[in-house]
Every structure is written in C-alpha cells, then in structure tokens.
Amino acid sequence: TFSIYVKHLKPERCNCCLKDNVVSRIEKSNLFTCTQCKIAKYCNVDCQRQDWKAQHKRECKRFKQGREFWIKDSLRVEESGDGTSLFIMATRLATEIGDPKLAVELYEKAAGMEAPCEGGHPTAMVHLAYHYEHGIGTKQDFAKAFQWYSRILSHPFPGGENVSPTFLGLSRLYRDGLGVAKSKEMADKYAAFSESNAGTPEEIAHLEHWWAKQSQQMKE
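Now for a description of the structure that goes with this document. Keep in mind the model is a prediction, meaning the values are calculated, not measured.

**What to know about the packing of aromatic side chains**
Counting across every chain of the model gives 13 aromatic pairs. Look at phenylalanine 146 and tyrosine 174: their rings are 5.7 Å apart centre to centre, the planes differ by 85 degrees, and that puts the pair in the edge-to-face class. Taken as a pair, phenylalanine 146 in helix 6 (residues 142-153) and tyrosine 174 in helix 7 (residues 160-176) lie far apart in primary sequence, 28 residues in all. Accessibility classification places phenylalanine 146 together with tyrosine 174 in one group, the buried group. These aromatic residues form a ring-pair network of at least three members: Phe146, Phe167, Tyr174, Tyr190, Phe193, Trp210 and Trp211.

**Brief notes about the environment of cysteine 34**
Within the secondary structure, cysteine 34 is located in the loop between strand 3 (32-33) and strand 4 (41-42). Linking cysteine 34 and aspartate 46, residues 12 residues apart in sequence, is a C-alpha distance of 13 Å. Contact partners of cysteine 34, with chain neighbours within four places excluded, come to Ala40, Tyr42, His56 and Cys60.

**Focus on the nonpolar core**
Core analysis: the largest hydrophobic core is formed by 48 residues, its most contacted members being Tyr107, Tyr149, Phe167 and Leu173. Non-local contacts of tyrosine 149, meaning those with residues more than four positions away in its chain, are made with Val126, Ala129, Tyr130, Glu133, Pro165, Thr166, Gly169, Leu170, Arg172 and Leu173. Within the second largest apolar cluster, 8 residues are counted, among which are Cys14, Cys37, Ile39 and Tyr42.

Conventions adopted
Residues numbered from 1 in each chain as written. Predicted model: local features only at pLDDT ≥ 70, side-chain atom pairs only at ≥ 80, totals over all residues. Heavy atoms only, no water. Phe/Tyr/Trp six-rings, centres within 6.5 Å; stacked < 30°, edge-to-face > 60°. Helix = DSSP H or I, 4+ residues; strand = E, 2+ residues; numbered from the N terminus. Buried < 20%, exposed > 50% of the residue type's maximum accessible area, 1.4 Å probe, protein only. Contact = heavy atoms within 4.5 Å. Core = buried A, V, L, I, M, F, W, Y, C linked by side-chain atoms within 4.5 Å.

This is how it looks when you write it as structure tokens:
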C-alpha cells in the first residue's frame with residue numbers, strides 16, 4: 001500500500017554525517033551527488049572528502065556498476081512497454097536500492113505507458129506526485145505535485161488504493177497554498193473525501209456532487 005511505501009521512503013541524506021536534506025515542509029537543503037557513481041550524496045566538500053577516505057573510495061565503483069545495471073535493465077523493460085514492471089523496478093530503487101533519482105525517472109516513464117492500463121500507470125502517478133511534493137529524488141516542485149495528483153482523479157482507472165492518498169495530497173497542498181491557491185474549503189473537501197472508499201471516476205463524481213449539494217444547503 002501507499003502508506004507502506006512512504007514508510008520505507010527515506011529523506012535523502014549525506015553519505016558521511018547522515019544529516020538529511022529536510023529543513024522544513026517547504027524547504028530542502030542542497031545535497032550534491034558524487035559525479036562518478038551518482039548515488040552517494042553530500043552536504044559539503046568536507047563531508048565528501050571524509051567519506052572518500054573512510055569508505056566511498058572502496059564502494060564508489062560498485063555503486064556505479066549497480067546503477068548502470070539498473071539503467072540497462074530499465075531500458076529493456078521500457079522497450080517491452082510493460083508499465084507495471086517499470087513501476088516495480090522504480091519502487092525497489094526508491095525503497096531498497098537508495099536511488100530515488102532514477103526511481104523518479106522510471107515513474108515518469110511508467111506514468112506515460114498505456115500498458116497494462118489505459119491512461120498510464122496510476123500508482124506510478126501517485127508515487128511521482130509524492131516525490132515532487134517532498135523533493136525526494138528530484139527538485140521539490142509543488143506545481144508538478146498538484147498536476148500529478150490531479151491527473152489521478154481524471155484517470156479512467158484510478159484505483160481505490162491511489163485515490164485516498166491523492167485526496168490527502170491535494171488537501172495538504174490546498175491547506176498550505178503550495179502549487180495552488182490556498183483554500184481551506186478545498187483542503188477540507190479533499191480531507192473529507194479521503195475517508196471514502198472511492199476508486200472509480202463514477203464514485204469520485206458522486207463525491208463531488210455530494211459536496212456541492214452539502215455546500216449549497218449550508219449557504220441556504
């Protein structure tokens with residue numbers, strides 16, 4: 001489930017001092033990546049030098065070879081047009097391998113594939129939205145997070161496991177005015193929707209109709 005995914009998705013952190021890049025909800029510190037392996041990250045040059053002497057000199061080549069393997073394998077899967085296999089690969093990269101940057105790239109590709117689901121892989125979309133919202137594996141971009149969350153709600157086959165976290169994501173963005181105009185009403189609406197078991201376009205439309213009716217009655 002999505003909650004399990006988020007639990008295993010860790011903030012990006014310095015390979016030396018282990019300090020993560022989370023400053024606040026809307027601010028992330030800048031970590032730079034080793035130019036050779038593109039896996040290890042550091043908060044400053046001193047940390048990079050210390051880590052190179054302590055361990056990274058021995059592991060850099062292995063990290064690089066591992067990443068090259070995943071890239072090569074992802075190209076093979078991409079050619080097959082199997083969005084689910086690409087999604088599974090991205091999930092492993094983000095939660096097990098520790099390469100959220102490559103995971104984001106693969107989620108983008110899976111989200112655009114029409115197989116096995118017309119409209120793109122919906123779970124890849126919700127994962128992608130979360131990565132953009134929290135700046136994990138990519139530059140934090142609330143506007144893109146909002147766009148991907150919104151795409152899930154217009155998807156022909158969104159799936160119940162994706163709709164609830166999408167409602168919660170939209171509620172957070174509207175509540176704080178991130179990537180969209182701040183609106184307590186919209187934040188409350190999507191928070192209420194997240195308690196439902198909606199999983200189809202018809203059920204989502206029914207929620208919208210119910211909310212509009214309730215809002216009209218309150219005005220009267």
